[in-house]
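# Structure assessment
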Amino acid sequence: MTAAEGQSRDGPRDGLSIGSVLAQLRPEFPDVTISKIRFLESEGLVQPARTSSGYRQFTGADVERLRFVLSAQRDHYLPLKVIREQLDAVDRGLEPSTPMPRLPRQLASLDGDSYAAPTAGDFAASREIRLTKEELLSEAGIDDAMLAELERYGLITPGAAGFYDADAVHVARTVKSMTTYGIEPRHLRAFRASADREVGLLEQIVTPVSRQRDADSRARADEVVRELAALSVTLHTLLVKSGIRSVTGT
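What counts and how
Numbers given for residues are sequential positions, taken from 1 along each chain in its written order. Since the coordinates come from a predicted model, pLDDT governs what is reported: local features require at least 70, and pairs of side-chain atoms require 80 or more to be given and counted, while whole-chain, interface and lining totals use all residues. Excluding hydrogens and water, the side-chain figures rest on all heavy atoms present in the structure. Per-residue confidence from the prediction method is given by pLDDT, with values spanning 0 to 100. Numbering of helices and strands starts at the N terminus; helices are DSSP runs of H or I of at least 4 residues and strands are runs of E of at least 2. Residues count as neighbours in contact if any of their non-hydrogen atoms are within 4.5 Å of one another. In this scheme, a residue with accessible area under 20% of its type's maximum is buried, one over 50% is exposed, and one in between is partly exposed, where area comes from a 1.4 Å probe on protein chains only. Pairs were defined over the aromatic rings of Phe, Tyr and Trp, the Trp ring being its six-membered one, requiring ring centres within 6.5 Å. Orientation was assigned from the angle between planes: stacked under 30 degrees, edge-to-face over 60, tilted for the rest. In this analysis the charged atom, NZ for Lys or CZ for Arg, is taken to sit over a ring once it is within 6 Å of the ring centre and within 35 degrees of the ring normal. The axes used here are C-alpha line fits, helices contributing only the stretch in contact, and every angle between their N-to-C directions lies in the interval 0 to 180 degrees. Crossing handedness follows the turn of the near helix against the far one: under a right angle anticlockwise gives a left-handed crossing, and clockwise gives a right-handed one. Three classes are used: nonpolar for Ala, Val, Leu, Ile, Met, Phe, Trp, Tyr, Cys and Pro, charged for Asp, Glu, Lys and Arg, and polar for all others, with Gly counted as polar. By definition here, a salt bridge exists when the distance from a side-chain nitrogen of Lys or Arg to a carboxyl oxygen of Asp or Glu is within 4 Å. Working definition of a nonpolar core: buried Ala, Val, Leu, Ile, Met, Phe, Trp, Tyr and Cys residues. They are joined through side-chain atoms within 4.5 Å. Between the first and last residue of a helix there are one fewer steps than residues, each counted as 1.5 Å, and that sum is the expected span.

## Considerations on the confidence of the model for the protein
Counting all residues, the mean pLDDT for the protein is 80, and 79% of those residues have values of 70 or more. Mean pLDDT across the elements of the protein bottoms out in helix H6 (residues 105-108) (34) and peaks in helix H8 (residues 144-152) (95). Taken together, the stretch residues 1-12 has pLDDT below 50 and engages in eleven contacts with residues farther than four places along the chain or on a different chain. Counting interchain partners and residues more than four positions distant, the pLDDT-below-50 stretch residues 101-114 has nine contacts.

## Considering helix H3 (residues 34-42)
For H3, every residue scored as buried is listed here: Ser-35, Lys-36, Ile-37, Phe-39, Leu-40 and Glu-41. Looking at the packing, one finds that the buried side of H3 touches helix H2 (18-25), strand S1 (49-50), strand S2 (56-57), helix H4 (60-76), helix H5 (80-91) and helix H11 (217-248). Two residues or fewer after H3 comes Gly-44, characterised by a positive phi angle close to 80 degrees.

## Thoughts on the packing of aromatic side chains
This model, assessed by the stated rule, comprises zero aromatic pairs. One cation-aromatic arrangement involves Arg-130 over Phe-163; the distance from NZ or CZ to the ring centre is 4.3 Å.

## Brief notes about the environment of Glu-64
As for its position among the elements, Glu-64 is in helix H4. Looking at Glu-64, the relative accessible area reads 46%, which means it is partly exposed. On a C-alpha basis, the gap between Glu-64 and Leu-25 in space is 9.4 Å, while along the polypeptide they are 39 residues apart.

## A few points about the packing of H4 against H5
Running from N to C, H4 and H5 cross one another at 145 degrees; their axes reach a closest spacing of 10 Å. As H4 packs across H5, the resulting crossing turns out to be right-handed. Contacts from Arg-65, Phe-68, Val-69, Ala-72 and Gln-73 of H4 reach H5 at Leu-80, Ile-83, Gln-86, Leu-87 and Asp-91. Partitioning the contact of H4 with H5 into residue classes produces six nonpolar, two polar and two charged.

## A short note on the pattern of salt bridges
Within this structure, the stated rule accounts for 13 salt bridges. Where Arg-67 meets Glu-64, a salt bridge forms, and the shortest distance between an N and an O atom there is 2.5 Å. Of the two residues, Arg-67 and Glu-64 are both situated in helix H4; the distance of three residues between them amounts to about one turn of the helix. Ionic pairing is found between Asp-75 and Arg-74, a salt bridge with its closest N-O pair at 2.8 Å. Judged by its relative accessible area of 32%, Asp-75 is partly exposed. Three or more residues are tied together by salt bridges with common partners; here these are Glu-28, Glu-64 and Arg-67.

## So, the nonpolar core
With 26 residues, the main nonpolar core has Leu-25, Ile-37, Leu-40, Leu-66 and Ile-83 as its most contacted residues. When residues of this core are traced back to their parent elements, those giving at least two are H2, H3, H4, H5, helix H10 (189-210) and H11. When near neighbours in sequence (up to four residues on either side) are disregarded, Leu-66 contacts Val-21, Leu-25, Ile-37, Leu-40, Val-46 and Phe-58.

## A closer look at the environment of Glu-149
With respect to the helices, strands and loops of the structure, Glu-149 is situated in helix H8. A sequence separation of 35 residues divides Glu-149 from Glu-184, and the C-alpha atoms of the two residues are 8.7 Å apart.

## Regarding H5
Its twelve residues give H5 an end-to-end C-alpha distance of 16 Å, which sits within 8% of 16 Å, the value for a rise of 1.5 Å per residue. When we look at burial in H5, the residues that qualify are Leu-80, Val-82, Ile-83, Gln-86, Leu-87 and Ala-89. Structurally, H5 contributes buried residues whose contacts are with H3 and H4. Positive phi shows up at Gly-93, right after H5, with a value of about 80 degrees.

So, in structure tokens, the structure goes:
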């Protein structure tokens, strides 16, 4: 088979592969992933052509469409439903019914303090780090008694082989800082319970997606749970910030 015959069987090859699209978007959106692009496709926000072999073929217009969606999410916190409505209006030659809002100055910088909301990329899997108990104690600057308390109240849990991950170090350091204000690990059980409830809610939402049998279902589930986790942490932070202002009267 000649190269020309191979191209005709698979259709035109002048489109962009999903990897090429990712390379174009990454400089502006460092957290974007292939699974994110697939998720947006599954939500109908972009519809690339397919070759006869099933490979995605994106156009320049598809890339701009993805850039619009990612900007609307990152810069304006718009839900996908609103973004889809705007894109549908544009596709029909109409003006979007909901203009792209500008973030109020207070949300961009509260009282002059910058607030960087977490993104889905913050919850992506990273290189696994396994620490021994001695390494954890050294890195976190805590003693055996403190670690025992953290484990007792579920704030830190070693893995099956007895190793600890990088998050355990951050948790230990954070709690150690809180102890300087008279807060002890036993006072933080509510934080553990709250986090477990949030995780349980996200699990309920994502489980039906992950059980679907199509090839991209796992990628979509991973993307959904990361997006929801980022939104959950953002909401929690803002609610605490609002509550603190009520307490201090500022």
